[in-house]
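Okay, here's what each chain looks like letter by letter:
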Amino acid sequence: MINSKYSNGRYCMELISQYINIVKKDVSWEEFCQGVTQYIFQAYRLNNQDIEFLKANPFERLTASAAVYSDLRKEVWLIGDCQTIVDNEFYDNPKPQEAPLALKRSKVIKDLLLKGYDKDKIFENDPGRAAIIEGIIEGCRYQNIRFSVIDGFPIALDKVKVINLKEDSKEVVLATDGYPFLKPTLKETEDILQEILFEDPLLIDKYKATKALMKGNKSFDDRTYVRFKV
């Protein structure tokens, strides 16, 4: 962990927020990707990180995704596995390995339950997650190759999704992938999430995920939802 105060993902988010506050307003999405990469890389230098080690071990990097709206350019940029709704049209940018790993975890959990495994134990120590953790780590080796993230190393620009707003566009929703189904309002989106967590807290049926709703948590993943007029 590079900063003991935060997880690597949280620390990366903080740095991205700092960069957004100082970047010029007319920045293009390509310039933004280059600039935020340099900003994160500088944090490695300031924290005396072994750059060669981070090159070889992407799992250890500061890593986060971002959904960015440029009001000047009337564009939404999805760098990593974020979601957006622009004028009621949905767009996402998922990691290619997420769905197969979630399916594998679902099968592992279902097989265990059929054999009589105590369901309550899964909410404290998820054996399905343990079964796919190597796949998650291996998938990180392909970040900014098969999918885009912000991690202080060159972003795979061909994996960044850019959505151009229309002249008469009226509304945008930006959200993280912590929402299984993104809807035009926060209430609709939260209602669907809560329904899934109530009916399928293991996240193996109604919505397959790479982890369960763990004991003490309010949801299975962090989530952010922003809706605004343009």
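First things first, this report covers the structure right here in the doc.

1. Details of the overall build of the protein chain
Item 1. Secondary structure assignment for the protein chain yields seven helices and seven strands.
Item 2. The C-alpha radius of gyration computed for the protein chain amounts to 19 Å, which stays within 12% of the reference 17 Å derived for 230 residues, consistent with globular compactness.
Item 3. Summarising its shape, the C-alpha atoms of the protein chain cover approximately 60 × 45 × 30 Å along the three principal directions.
Item 4. When each of the 230 residues of the protein chain is scored for burial, the buried share is 43%.
Item 5. Considering only intrachain contacts with a sequence separation of at least 6, the fraction spanning at least 24 residues in the protein chain is 64%.
Item 6. Averaging the coordinates of the 34 positive side-chain charges in the protein chain and doing the same for the 36 negative ones gives two points 2 Å apart.

2. Some remarks on the pattern of salt bridges
Item 1. For the structure on display, the rule yields 18 salt bridges.
Item 2. K24 is the salt-bridge partner of E31, the closest N and O atoms lying 3.9 Å from each other.
Item 3. Since its relative accessible area comes to 34%, E31 is described here as partly exposed.
Item 4. The closest approach of N and O atoms between D205 and K110, which form a salt bridge, is 3.1 Å. Separated by 95 residues along the polypeptide, D205 in the loop between α7 (186–199) and β7 (225–229) and K110 in helix α4 (residues 98–114) bring together distant segments of the chain.
Item 5. By relative accessible area, K110 is classed as partly exposed at 31%.

3. Overview of the sheet that holds strand β6 (residues 171–176)
Pairing between the strands of a sheet is mediated by backbone hydrogen bonds and can be parallel or antiparallel.
Item 1. Taking strand neighbours across the sheet as the criterion, the four strands line up as β4-β3-β6-β7 in an open arrangement whose pairing is antiparallel. Either end of the sheet is taken by a strand with one partner, and the two such strands are β4 (89–92) and β7. Strand-to-strand twist in this sheet, taken as the mean axis angle between neighbours without regard to direction, amounts to 15°.
Item 2. Relative to β4, strand β3 (residues 82–86) runs antiparallel, the two being bridged by four bridges. Each bridged residue has a counterpart across the sheet, and for I85 the counterpart in β4 is F90.

4. Considerations on the packing of aromatic side chains
Item 1. Counted according to the given criterion, the structure contains ten aromatic pairs.
Item 2. Summarising the aromatic geometry, the rings of F32 and W77 are spaced 5.6 Å apart at their centres and angled 50° between planes, so their arrangement reads as tilted. Taken as a pair, F32 in helix α2 (residues 29–46) and W77 in strand β2 (residues 75–79) lie far apart in primary sequence, 45 residues in all. Here the two residues F32 and W77 agree in accessibility, since each one is buried.
Item 3. These aromatic residues form a ring-pair network of at least three members: Y19, F32, Y39 and W77.
Item 4. Lying over the aromatic face of F153, R61 brings its terminal NZ or CZ to 4.1 Å of the ring centre.
Item 5. Stacked on the ring of Y142, the Lys or Arg R146 has its end atom at 3.7 Å from the ring centre.

5. Let's talk about the side chain of S169
Item 1. Looking at where S169 falls in the secondary structure, it is placed in the loop between β5 (161–164) and β6.
Item 2. Here the side chain of S169 touches D87 through a polar contact of 2.7 Å, side chain to side chain.
Item 3. Here K166 takes part through its backbone nitrogen, which lies 2.7 Å from a polar atom of the side chain of S169.
Item 4. Those residues in contact with S169 that lie beyond four places of it in its chain are V86, D87 and V230.

6. With respect to the packing of α4 against helix α6 (residues 127–140)
Two measures define how a pair of helices packs: the angle their axes make with one another and the distance between the axes.
Item 1. Interaxial distance between α4 and α6 falls to 8 Å at its minimum, and their mutual angle equals 150°. Here α6 runs roughly antiparallel to α4, going by the angle between their axes. The two elements α4 and α6 cross, and the hand of that crossing is right-handed. Between α4 and α6, the residues in contact are L101, K104, R105, V108, I109 and L112 and P127, G128, R129, A131, I132, G135 and I136, respectively.
Item 2. Of the residues in the contact of α4 with α6, the class split is eight nonpolar, two polar and three charged.

The rules behind the values
Residues numbered from 1 in each chain as written. Predicted model: local features only at pLDDT ≥ 70, side-chain atom pairs only at ≥ 80, totals over all residues. Heavy atoms only, no water. Helix = DSSP H or I, 4+ residues; strand = E, 2+ residues; numbered from the N terminus. Rg over C-alpha atoms; globule rule 2.2 N^0.38 Å. Buried < 20%, exposed > 50% of the residue type's maximum accessible area, 1.4 Å probe, protein only. Contact = heavy atoms within 4.5 Å. Lys, Arg positive; Asp, Glu negative; His and termini not counted. Charge placed at Lys NZ, Arg CZ, Asp CG, Glu CD. Salt bridge = Lys/Arg side-chain N within 4 Å of Asp/Glu carboxyl O. Pairing = 2+ DSSP bridges. Axes fitted to C-alpha atoms, helices over the stretch in contact; angles between N-to-C directions. Phe/Tyr/Trp six-rings, centres within 6.5 Å; stacked < 30°, edge-to-face > 60°. Lys NZ or Arg CZ within 6 Å of the ring centre and 35° of its normal. Polar contact = N/O pair within 3.5 Å; in protein donor to acceptor, adjacent residues only side chain to side chain. Parallel < 35°, antiparallel > 145°, perpendicular 65-115°, else oblique. Left-handed = near helix turned anticlockwise from the far one by under 90°. Nonpolar A, V, L, I, M, F, W, Y, C, P; charged D, E, K, R; others polar.

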